Structure formats: C-alpha cells, structure tokens
Amino acid sequence: MTGAAESDEELLRRIAGGDRLAMRVLFARHHMRVHRFICGLLRSDAGADDVLNDVFFDVWQQAGRFEGRSSVSTWLLGMARYKALSARRKRSDDPLDDELAGAIADEADDPEVIVQKKSKGEALRGCLAGLSNEHRSVIDLVYYHEKSIEDVAQIMAVPVNTIKTRMFYARRKLSELLAAAGIDRGWP
Amino acid sequence: MSDKSHTPSGPLAERDELDALMPWFVAGTLSPKDRARVEAALAADPSLQASLRAAEAEFEAVLADNDARAVPGHDAIDKLMARIDKAGPAVGRGVAATMVERLGRLLQGLTPKTLALAGAGLAALALVEAGFLSRALVGSAEDPYHIASGPGGLAQREGAFVLVQFVDTATSGAIASYLRDLDAQIVAGPAAGGLYRLRIAPKPLSAAEYNAKVAALAQRRDLIRSVAAAP
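In this text the structure is predicted, and so the values were computed from the model without any measurement. (Residues numbered from 1 in each chain as written. Chains lettered and ligands numbered in written order. Predicted model: local features only at pLDDT ≥ 70, side-chain atom pairs only at ≥ 80, totals over all residues.)

Chemist: An account of the overall build of chain B is needed here, citing residue identities and associated values.
Modeler: Helices and strands together make up the secondary structure of chain B, namely eight helices and four strands. A burial count over chain B gives 29% of its 231 residues as buried. Partitioning the contacts of chain B with sequence separation of at least 6, the portion at a separation of at least 24 is 67%. (Helix = DSSP H or I, 4+ residues; strand = E, 2+ residues; numbered from the N terminus. Buried ≥ 20, exposed ≤ 12 C-beta atoms within 10 Å, placed from the backbone. Contact = placed C-beta atoms within 7 Å.)

What follows is the structure, encoded as structure tokens:
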C-alpha cells in the first residue's frame, strides 16, 4: 500500500531546501502541460524547450519565495506566460506590451483551407489558430488547464472582469472565423 | 491582424456574461454561485443551449489541439539538472529578480491607456519598488538607503546617471556585486520597459569619463540588456 502523493507545495518546500529529487518530481508532474502552454504562446515549438528550461530553473532558484496564494500549477503557468512573451519580444526585437501581444494572431488557415477540412471539429481547431495570443491563452487555460476565472486572471495579470470579456470575445471571434469558412455553429 | 476592436473593456451585459461563463461551466471550474446562476439561466432560457453546445465543441477542439502539440525533448530534465548543478545552491537566489519579474508582469498587464491614467500612482509604486530593490541590491553598501523620491534622495543629488535594462536572467547577487564594483546605485525605477536609473558617479564626469563608463556597462551583456545616457 502506498501513501498519498506528495503535494506540489510540499515538493516546493523540499526544492527550496535544495532537494534535487523533489525538483525532478515536480518537473515530471508539470512539464508537459507547461510546455504545451508555452508552444501555444510562441505559436511554435521552436524555442519552447528553452523557455521550459528557464521556467523550471526559476522554480529551483525561487521555490522559497512561493507564497501559496495560488496553486503551484497556476504559479508555473504565470511564469511560463511571462517568459514566453519575453522570448517572443526578443525574437522580434520589438517592444511587446500586453495590448500588442493581444493583437498578434497566427497565420491561420484561410477560410478556403478551413472549409476543406474533414469535420466541423477539425475546422474549429483550425480557427483556434486564428485567435490572438490573449484570446487563445484564455481558451487554453480554461479548457485544457482547467483553471478558474480567478486563476486565469492571476496568470494573465489582469482583472477578473477583463478575463470574462476576453473569453466572450474569443468565442465570438471563433464564430466569425467559422462563419468565414462557411460553417454556422449556431451561436451566437 | 488585430482584434483589439473586438475586445472592448467595458462590463458585459447579463446575457453576454452568461455566454462568457459557459466555458468554465463546461470545464467544471465555476464557483458554486456562478454554476447555480448558469444552471438557472439554462433552465429558463432554451436559447442558451446553443452557447452550451458551442462550448462543448470548443472543449473537445482545445483538448485535441493541445494533445497534438510538440512534446519537450527527451533530455529536457537532464538539461535542467545540469544547469542546476552548474548554478549551485538555490538558497538566497532570485530575490530582486522576482521583484523585477513581478513588476514586469504588473506593467505588462496594463494597457498604455491605463498606464497614462495610473500616472502618479504608478510612479509612486515604481519608486517604492525601487526602494526595495535598492535595499536588496546595495543594502550592504556604505551609502545608506534612501527613498529616491524623498527630500535629498539619491535621484536628486548631483552625479552622473544612466538608464539601464537588466537582462531577465540576471540574479540579484550578480547585479549587486557588479554595482558595488562600479560604485553605482539604483536611484529610480523600474519604469515602463524595465528601465532603471543608475547613479554611476557621485559627481558629474567629463564626456570621456562618462562615455567610458557607458561603454563598460554596455559590455556586460550577461547583466545589462541596454544602456542609455541620462541627464
């Protein structure tokens, strides 16, 4: 019979004390989801490994400063977002504030390509790539990372009402992209 | 492509807010109060079912899309542990870096309009942060700690000044050590963009001396991202 899994918070306490094994466990537990979040923000897997390394290296250095005001995974995703956007800024050599980041959208499939996709689900996936970074991040954090409204607000460093507004318009944008591809999803 | 015109900042109308809450409802992460509110609205207004079905489809698409993303390299953990081994013990690291990062995130979360409206308040916050950072970085220096905005503060004294941005990976220890070697102090910042004002000499320098100091700063690319002259 085995005991309950050690909590993330306990692992962080051990990491703060220099416990390398705890570091490996925390990494194993979270690195896949953090990496996928980084890939979404970078719009590519290029450089994602480096950002992931930076995030967990900061965990090693700053574990003792974790204040427990959010879950460890929320803390990790907040760091990942900050570092991924910084990496994008360095890549483009342009200033990148939150509003500008929100304006950056991927070169999604054009409507003709989307409509050729086999199913409505695949078309929807294609349209996700057409969202801005800020809209896409909210969508990912809610559906994939299962974060509450408050957690998403903390990760993205904006008020709760802003997160609700972004979610509403992200969903509307998805409907617009689908409509441009000739698909009516019945909402709004 | 910009979607800024599609993201007004005002509060949502009641029906729009219900549509906004639907993804959290589907994911099961709404508060009990909001969940009851959405359930009641779904029962009272059949037209909300379309929003629910759309959210369920979004849920499936996002899961599939994330699962299809690249996975980290198989040696990711080995690279991390090698970096940790090289860096040495973690105790006491990252104090100032954390504050810089927090303020960076705070500034990142503010739109230019908000920044303008925040004006004096943000400036005060920046100066308070500068105070903490200065204490963290040069607390052991002979020159006592001063709030930069206070009467007779460092920012208002005579001297030679520059504006710098530190690199994201610079640790408090490395910055403090370098500033001590340079006999320099942070006297203000961080301002928007992570800019700090450094006093690099207690008295005005000749042009040649000043340029030499700026050039020396610019060469420390492991610590300083950019440096510019300041009055």
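Chemist: Got a sec to walk through the pairing of strand β1 (residues 160-166) of chain B? Specific residues and values, please.
Modeler: All names here are of chain B. Most of β1 is tucked away: five of the seven residues are buried. For β1 and strand β3 (residues 195-201), the ladder comprises six bridges, and the chain directions are antiparallel. For valine 164, the partnering residue across the bridge sits in β3 and is tyrosine 196. Taken together, the six bridges between β1 and strand β4 (residues 224-230) define a ladder with antiparallel strand orientation. Within the sheet, the bridge partner assigned to valine 164 lies in β4 and is valine 227. (Pairing = 2+ DSSP bridges.)

Chemist: Which residues make up the packing of helix α8 (residues 133-143) of chain A against helix α3 (residues 48-67) of chain B, and what values go with them?
Modeler: In contact at an axis separation of 10 Å, α8 of chain A and α3 of chain B are set at 95 degrees when each is read in the N-to-C sense. Taken together, the axes of α8 of chain A and α3 of chain B lie roughly perpendicular to each other. For the pair formed by α8 of chain A and α3 of chain B, the contact residues are Ile139, Asp140 and Tyr143 of chain A on the first element and Glu58, Phe59, Val62, Leu63 and Asn66 of chain B on the second. When the residues that make up the contact of α8 of chain A with α3 of chain B are grouped by side-chain class, the tally is five nonpolar, one polar and two charged. (Axes fitted to C-alpha atoms, helices over the stretch in contact; angles between N-to-C directions. Parallel < 35°, antiparallel > 145°, perpendicular 65-115°, else oblique. Nonpolar A, V, L, I, M, F, W, Y, C, P; charged D, E, K, R; others polar.)

Chemist: Would you mind going over helix α4 (residues 76-87) of chain B in detail, with residue names and values included?
Modeler: For an α-helix the count is 3.6 residues per turn, leaving residues at separations of three or four pointing the same way. Here α4 of chain B spans 17 Å end to end across twelve residues, near enough to the 16 Å set by a 1.5 Å rise per residue. At the exit of α4 of chain B stands glycine 88 of chain B, carrying a positive phi of roughly 85 degrees. (Expected span 1.5 Å × (residues − 1).)

Chemist: How would you explain the environment of alanine 54 of chain B if you had to name every residue and give the values?
Modeler: Inspection of the secondary structure puts alanine 54 of chain B in helix α3. With 32 residues separating them along the chain, alanine 54 of chain B and methionine 22 of chain B place their C-alpha atoms 9.1 Å apart. Sequence-distant contacts of alanine 54 of chain B, defined by excluding residues within four places in its chain, comprise Arg171, Arg185, Gly186 and Trp187 of chain A.

Chemist: Any chance you could break down the packing of helix α2 (residues 20-42) of chain A against α8 of chain A for me, citing the residues and the numbers?
Modeler: In a pair of packed helices, the angle between the axes and the distance between the axes together describe the arrangement. All names here are of chain A. Contact geometry for α2 and α8: axes closest at 9 Å, N-to-C directions at 160 degrees. In terms of axis orientation, α2 runs roughly antiparallel to α8. Between α2 and α8 the crossing geometry is right-handed. Residues Phe37, Gly40 and Leu41 of α2 touch α8, and the partners they reach there are Asn133, Arg136, Ser137 and Asp140. (Left-handed = near helix turned anticlockwise from the far one by under 90°.)

Chemist: Help me get a handle on unusual backbone geometry, residues and values and all.
Modeler: Look at the link from tryptophan 187 of chain A to proline 188 of chain A: it is a cis peptide, with omega at 5 degrees. Counting through the fold element by element, proline 188 of chain A comes out in the segment after α10 (160-180). With a phi close to 55 degrees, glutamate 146 of chain A is a non-glycine residue in the positive phi region. Of note in the backbone geometry, aspartate 183 of chain B takes a positive phi value of approximately 55 degrees without being a glycine. With respect to the helices and strands, the residue aspartate 183 of chain B is situated in the loop between α7 (172-182) and β2 (185-191). By C-beta crowding, aspartate 183 of chain B is classed as partly exposed, having 13 other C-beta atoms within 10 Å.

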